Amino acid sequence: MEIWINPACSKCRSAVQLLDAEGAEYTVRRYLEDVPSPDEIRAVLDRLGLEPWDITRTQEADAKELGLKEWPREAGSRERWISALVEHPKLIQRPIITADDGTAVVGRTDEAVRDALGR
């Protein structure tokens, strides 16, 4: 299991605390420092069953500067969104937990983190 975190994020800290409390074995990836490649983002999106715009923090200053709210949310724009996430990793929703069964969850709630633990 791997968890993508920003240590400054309270949701990330809560998820890590819950994983620790449950005795889970996991690897921490500080994705702002160890930025995922486009292929890694595509793989996580496949595991999540989501599109890049579904995991984009559109309220961030970078998102507003890029005008992301106006970008088309369609297959033809998918790579543009992925590129934005690689170039501006702060836009990636967090934490993302890749479960041992090959799936992933956005662990913003205790329930989502527990769901990942049960996989």
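If you're wondering where the values come from, they're calculated on a predicted model, not measured in any experiment. (Residues numbered from 1 in each chain as written. Predicted model: local features only at pLDDT ≥ 70, side-chain atom pairs only at ≥ 80, totals over all residues. Heavy atoms only, no water.)

### Observations concerning the sheet that holds strand S3 (residues 96–98)
Stage number 1. Across the sheet, which stays open at both edges, the four strands sit in the order S2-S1-S3-S4 with mixed pairing between neighbours. This sheet does not close on itself; its edge strands, each paired only once, are strand S2 (27–30) and strand S4 (104–106). On average, adjacent strands in this sheet sit at an angle of 20 degrees to one another, irrespective of strand direction. (Pairing = 2+ DSSP bridges. Helix = DSSP H or I, 4+ residues; strand = E, 2+ residues; numbered from the N terminus. Axes fitted to C-alpha atoms, helices over the stretch in contact; angles between N-to-C directions.)

### Details of the environment of leucine 91
Stage number 1. Within the element layout of this structure, leucine 91 appears in the loop between helix H4 (78–87) and S3.
Stage number 2. With 38 residues separating them along the chain, leucine 91 and tryptophan 53 place their C-alpha atoms 9.9 Å apart.
Stage number 3. Those residues within four positions of leucine 91 in sequence are excluded, and the remaining contacts are Ile55, Thr56, Arg57, Glu60, Asp62, Ala63, Leu66, Leu68, Ala84 and Leu85. (Contact = heavy atoms within 4.5 Å.)

### Things to note about the pairing of strand S1 (residues 2–5)
Stage number 1. Alignment of S1 against S2, held across four bridges, turns out to be parallel. Note that in S2 the partner of tryptophan 4 across the bridge is arginine 29.
Stage number 2. Each parallel crossover has a hand, and for S1 linked through helix H1 (residues 10–21) to S2 it is right-handed.
Stage number 3. Pairing of S1 with S3 involves three bridges; the strand directions are antiparallel. Across the sheet, the residue bridging to tryptophan 4 is isoleucine 96, located in S3. (Right-handed = clockwise from strand over helix to strand, strands pointing away.)

### Quick notes on the confidence of the model for the chain
Stage number 1. Within the chain, residue pLDDT values average 96, and 100% of them lie at 70 or more.
Stage number 2. Taken element by element, the chain is modelled with least confidence in helix H5 (residues 110–117), mean pLDDT 92, and with most confidence in H4, mean pLDDT 98. (pLDDT = per-residue confidence, 0-100.)

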